[in-house]
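# Results of the structural survey
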Protein chains: 2
Amino acid sequence: MRLLVTGGAGYVGSVCATVLIERGHEVVVVDDLSTGNADAVPEGAQFVEGDIGELAASVLGDGSAGPRFDGVLHFAAQSLVGESVLEPEKYWRGNVVTTLSLLEAIRVSGTPRLVFSSTAATYGEPESSPITESDPTRPTNPYGATKLAIDHAITSYSQAYGLAATSLRYFNVAGAYRGAGENRVVETHLIPLVLQVALGQREKISVFGTDWPTPDGTAVRDYIHVLDLAEAHLLALEKASAGTHTIYNLGSGAGFSVREVIEACRRVTGLPIEAADAPRRAGDPAVLVASSERAIAELGWRPAHTDLDEIVADAWTFLQALGDRSHAAHRD
Amino acid sequence: MRLLVTGGAGYVGSVCATVLIERGHEVVVVDDLSTGNADAVPEGAQFVEGDIGELAASVLGDGSAGPRFDGVLHFAAQSLVGESVLEPEKYWRGNVVTTLSLLEAIRVSGTPRLVFSSTAATYGEPESSPITESDPTRPTNPYGATKLAIDHAITSYSQAYGLAATSLRYFNVAGAYRGAGENRVVETHLIPLVLQVALGQREKISVFGTDWPTPDGTAVRDYIHVLDLAEAHLLALEKASAGTHTIYNLGSGAGFSVREVIEACRRVTGLPIEAADAPRRAGDPAVLVASSERAIAELGWRPAHTDLDEIVADAWTFLQALGDRSHAAHRD
């Protein structure tokens, strides 16, 4: 298939683009490099630098000679929860308005398939655990609200215009693959934060809340290896039906506590890693674990990398290699 | 207060503008007349014709000399449920993108208050009755989904930028006031449709579903007089607090069945009004009734025109007068 990957210079987008190319697909990456890194775009992908909201119509074309692409994988997004609270305008414009332009270009060009990166943040504070796709959606921050609005827009487009669409609601994506991993300027995800302590880039890791109703009192999250996530995207491209929009939660189904993650990082790195207990943060739920039963049943998806130490080890290998490359660059 | 009323040439917007002027407020109406009627803009209001998405920045100003308005009442919207299913692009652009431009202009200009016309359609098929504001939101059509996205955007803006915001979720608005009533080219609401049969503009009224689990087997809806709705807008303007976005359901709290509405129309008009039973329509819930407890408790709102015959009589007076004016126009 010939596929357009938006945000293909970012963490999840670049890993998925890598896997798509390995499986013989033709990939065009569009990324404005506002948070992505041109080095992460895999070899073999055509790279177009720019904002997908502005470029969608010209890249996808007017459909007069048929669609140029078999599908779009839409990763490009503003994705920092804290920033979204302080600067919602950036998220409503950058996520919703941008994606509406992309959807309109998909419609005009007759592009048949779309896979969208949605998020567990669309649910907000869960009523029960694990979270299923039919649970209420009550996002507690603008990031989750913009992703939910896009999910609803995709449903509209799919029903009206025949698009075969899938939204994949990621839980906590982690791990790395072949030189593509998670290393944002403003890092907010637990595993890279803990590993930054191991690397000496950060003094200690804060454990927000030690009195949650969980086995060890710290918050529990569902970590999914980015490679398992990439497999789900391939399956979604294959299985989606015209005029249908299906939403799938993607998690490993197992929850790990903050303390368990820190312990895994200590085991993998062999380093002590200082942790400090801190009060709960407002808006943090105690437990966020996905039911991925629908993806397993309908897509035939099987997460293969659910071992926490393996996830952490892949992230660690990536961050170490990045450090080495960065040192090498400084020497040049 | 000096108030901007978007969509003030439409049904609810023009009634609210009329009441605001009666209470001594200064009103500027912006309406692109795509579905509204310039004649409905009340005397005493300044009228600017155009799209609020395009005009918001220039009308509200850049705030350099302080805000020009004390508040915005945002009624302008695409609001036909059936059309939204067939042409979602028109609704995502026309409702969401337009409102995001308005929100940005509100932020830049420092306008302190916003009252937004939300809808019961944000809830979708209710899990229980009556519907409260904390019930899950699962819109079943793009119209409801776009209004929900706007509600979420307003929450974001209010929390980040200090806006005093209120969303009023209307149930079935009906009735008329001083020459402003409901008479759309494509009419989809029950009371005007039934009265169009009385006026001879329509042969009969279809009763969709006679086997619902309701007392007489026909669908039950919550009709609220447009004048009671206008009062809620005034109260929302007075009571809203900076940095807070509150959502209120607005209904009379009583449900009337389709057969009860038709009977009321027969009583009020003294005409037979032919009705024909028809199968249920997909997506129609059996019962949609609001709990307005929050508006009653927090706004001190009291719906005063809850008698169905009074609601129907006001709509009937309006439609008859409209017919007379139209005949007069044809004679000229």
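Before going into details, it helps to say that this report is about the structure given with it. For clarity, every value in this text was computed on a predicted model and none was experimentally measured. (Residues numbered from 1 in each chain as written. Chains lettered and ligands numbered in written order. Predicted model: local features only at pLDDT ≥ 70, side-chain atom pairs only at ≥ 80, totals over all residues. Heavy atoms only, no water.)

### Considerations on the pairing of strand E2 (residues 26-31) of chain A
Residues and elements named next belong to chain A. Note the following rule: Exposure is judged per residue with a 1.4 Å probe applied to protein chains only, and the accessible area is read against the type maximum: over 50% gives exposed, under 20% gives buried, and values in between give partly exposed. In this text, helices come from DSSP runs of H or I with a minimum length of four residues, and strands from runs of E with a minimum of two, each type numbered from the N-terminal end. Two strands qualify as a pair provided DSSP detects at least 2 bridges between them. Seen with its strands pointing away from the viewer, a crossover is right-handed when the path leading from the first strand over the helix to the second is clockwise.
For E2, a buried count of 5 out of 6 residues is recorded, marking the element as mostly surrounded by other parts of the structure. Bridging between strand E1 (residues 2-6) and E2 involves 5 bridges; their strand directions are parallel. Residue pairing across strands places Val5 opposite Val29, the latter belonging to E2. Where the polypeptide runs from E1 across helix H1 (residues 11-22) and back to E2, its parallel neighbour, the crossover connection is right-handed. When E2 meets strand E3 (residues 46-49), the two strands line up parallel, connected through 4 bridges. Bridging across to E3, Val28 finds its partner in Gln46.

### Topic: the relation of the copies chain B and chain A
Heads up, the condition is: To line up the copies, we fit them by least squares on C-alpha atoms, keeping just the residues with pLDDT of at least 70 in both.
The two copies are related by a screw operation: chain B maps onto chain A through 180 degrees of rotation and 0.0 Å of translation along the axis, at an RMSD of 0.0 Å. Interpreted geometrically, this transformation is the action of a two-fold axis.

### Regarding the interface of chain B and chain A
Which entries qualify depends on this criterion: Here a residue-residue contact requires only that any non-hydrogen atoms of the pair lie within 4.5 Å. In short, buried area is how much 1.4 Å probe accessible area vanishes from two parts on joining, totalled over both. By the criterion applied in these results, polar contacts are pairs of N or O atoms within 3.5 Å in which, for protein atoms, one can donate a hydrogen and the other can accept it, and in which residues neighboring in sequence qualify only through two side-chain atoms. Residues are grouped as follows: Ala, Val, Leu, Ile, Met, Phe, Trp, Tyr, Cys and Pro are nonpolar; Asp, Glu, Lys and Arg are charged; every other residue, Gly included, is polar.
Each side of the interface is counted separately: chain B has 28 residues, and chain A has 28 residues. For the chain B and chain A pair, buried surface summed over both sides reaches about 2100 Å², with 61% attributable to carbon and sulfur atoms. Among the residues of chain B in contact with chain A, B:Glu89, B:Trp92 and B:His152 are the three that bury the most area, contributing 23% of the side total. At the boundary of chain B and chain A, one finds 8 residue pairs in polar contact (both at pLDDT 80 or more). Ranked by residue count, the leading element in the side of chain B that touches chain A is helix H5 (residues 142-161) of chain B, at 10 residues. Looking at the side of chain B that touches chain A residue by residue, the classes come out as 17 nonpolar, 5 polar and 6 charged.

### Comments concerning the side chain of B:Asp222
Residue and element names in this part refer to chain B. Using the following cut-off: When charges are counted, Lys and Arg are positive and Asp and Glu negative, with His and the chain ends excluded. By convention in these notes, a salt bridge is any Lys or Arg side-chain nitrogen within 4 Å of a carboxyl oxygen on Asp or Glu.
Summarising the element assignment, Asp222 is placed in the loop between strand E9 (220-221) and strand E10 (223-225). Although Asp222 is buried, it makes no salt bridge; Arg221 carries the closest opposite charge, 10 Å away. A polar side-chain atom of Asp222 sits 2.7 Å from the main-chain amide nitrogen of Ser252. For Asp222, the contacting residues outside a window of four places in its chain are Phe171, Asn172, Gly251, Ser252, Gly253, Ala254, Leu288, Val289 and Ala290.

### Focus: the sheet that holds E9(B)
With mixed pairing, 3 strands are arranged side by side in an open sheet as E12-E9-E14 (chain B). Either end of the sheet is taken by a strand with one partner, and the two such strands are strand E12 (256-257) and strand E14 (287-288) of chain B.

### Here's the deal with the environment of B:Ser257
All names here are of chain B. Looking at the secondary structure, you find Ser257 in strand E12. For Ser257, a relative accessible area of 3% corresponds to the buried category. Spatially, the C-alpha atoms of Ser257 and Asp216 are 7.4 Å apart, while their sequence positions differ by 41 residues. Only 2.5 Å separates the side chain of Ser257 from the side chain of Asp216, close enough to count as a polar contact.

### Examining the sheet that holds strand E4 (residues 71-74) of chain B
Sheet strands line up and pair through hydrogen bonds in the backbone, either parallel or antiparallel. Residue and element names in this part refer to chain B. Where we set the bar: The axes used here are C-alpha line fits, helices contributing only the stretch in contact, and every angle between their N-to-C directions lies in the interval 0 to 180 degrees.
Spatial strand order, E3-E2-E1-E4-E5-E6-E11: 7 strands in an open sheet with parallel pairing. Looking at strand neighbours, the two that pair on one side only are strand E3 (46-49) and strand E11 (245-250), the edges of this open sheet. Between one strand and the next, the sheet's axes are offset by a mean angle of 20 degrees, whatever the strand orientation. Examined bridge by bridge, E4 and strand E5 (residues 113-119) share 3 bridges and lie parallel to one another. Across the sheet, the residue bridging to Leu73 is Val115, located in E5. Across the sheet, helix H2 (residues 52-60) is in contact with strand E1 (2-6), strand E2 (26-31), E3 and E4; its angle to E1 comes to roughly 170 degrees.

### With respect to the nonpolar core
Heads up, the condition is: Here, nonpolar core means buried Ala, Val, Leu, Ile, Met, Phe, Trp, Tyr and Cys residues that are tied together by side-chain atoms lying within 4.5 Å of each other.
The biggest cluster of nonpolar side chains holds 54 residues, and the ones touching the most others in it are A:Leu4 and B:Leu4. Other than its neighbours up to four places away in sequence, A:Leu4 contacts A:Val28, A:Val30, A:Ile52, A:Val59, A:Leu60, A:Phe69, A:Gly71, A:Val72 and A:Leu73.

### Concerning the packing of aromatic side chains
What counts is decided by this rule: Only rings of Phe, Tyr and Trp enter the pairing, Trp through its six-membered ring, and a pair is recorded when the two centres are within 6.5 Å. The plane angle decides the type: under 30 degrees is stacked, over 60 is edge-to-face, the rest tilted. As a reminder, the over-ring test applies to NZ of lysine and CZ of arginine, requiring each to be within 6 Å of the ring centre and within 35 degrees of the ring normal.
Tallied over the entire structure, the rule returns 2 aromatic pairs over all chains. Taking the centre distance of 5.1 Å and the plane angle of 65 degrees together, the rings of A:Tyr157 and A:Tyr161 count as edge-to-face. Separated by 4 residues within a single helix, A:Tyr157 and A:Tyr161 lie in helix H5 (residues 142-161), roughly one turn from each other. Note on A:Tyr157: relative accessible area 3%, which makes it buried. A relative accessible area of 31% places A:Tyr161 in the partly exposed class. Above the face of the B:Phe69 ring, B:Arg2 is positioned so that its terminal group lies 4.4 Å from the ring centre. For the cation-ring pair, B:Arg107 lies above B:Tyr161, with the distance from its terminal atom to the ring centre recorded as 5.1 Å.

### Here's the deal with a nonpolar patch on the surface
Selection rule: Patch members must show over 30% relative accessible area and no salt bridge, and they are joined within 9 Å when carrying like charges or within 5 Å when they are nonpolar side chains of Val, Leu, Ile, Met, Phe, Trp or Tyr. Method for areas: the Shrake-Rupley scheme with a 1.4 Å probe, in which residue coverage is limited to the protein chains shown.
A cluster of nonpolar residues, A:Val81, A:Val85 and A:Leu86, forms a patch on the protein surface that exposes about 250 Å² of accessible area. Considering the arrangement of structural elements, one finds A:Val85 in helix H3 (residues 81-86).

### Side note on H1(A)
Residue and element names in this part refer to chain A. We count it as follows: Between the first and last residue of a helix there are one fewer steps than residues, each counted as 1.5 Å, and that sum is the expected span.
Over its 12 residues, H1 extends 17 Å from the first C-alpha to the last, a length consistent with the 16 Å expected when each residue adds 1.5 Å. Here H1 lies mainly inside the structure; 10 of its 12 residues are buried. Buried within H1 we find Tyr11, Val12, Gly13, Ser14, Val15, Cys16, Ala17, Thr18, Val19 and Leu20. Buried residues along H1 sit in contact with E1, E2, strand E4 (71-74), strand E6 (164-170), strand E7 (172-174) and helix H7 (226-239). In the segment just after H1, Gly24 is the residue with positive phi, at about 90 degrees.

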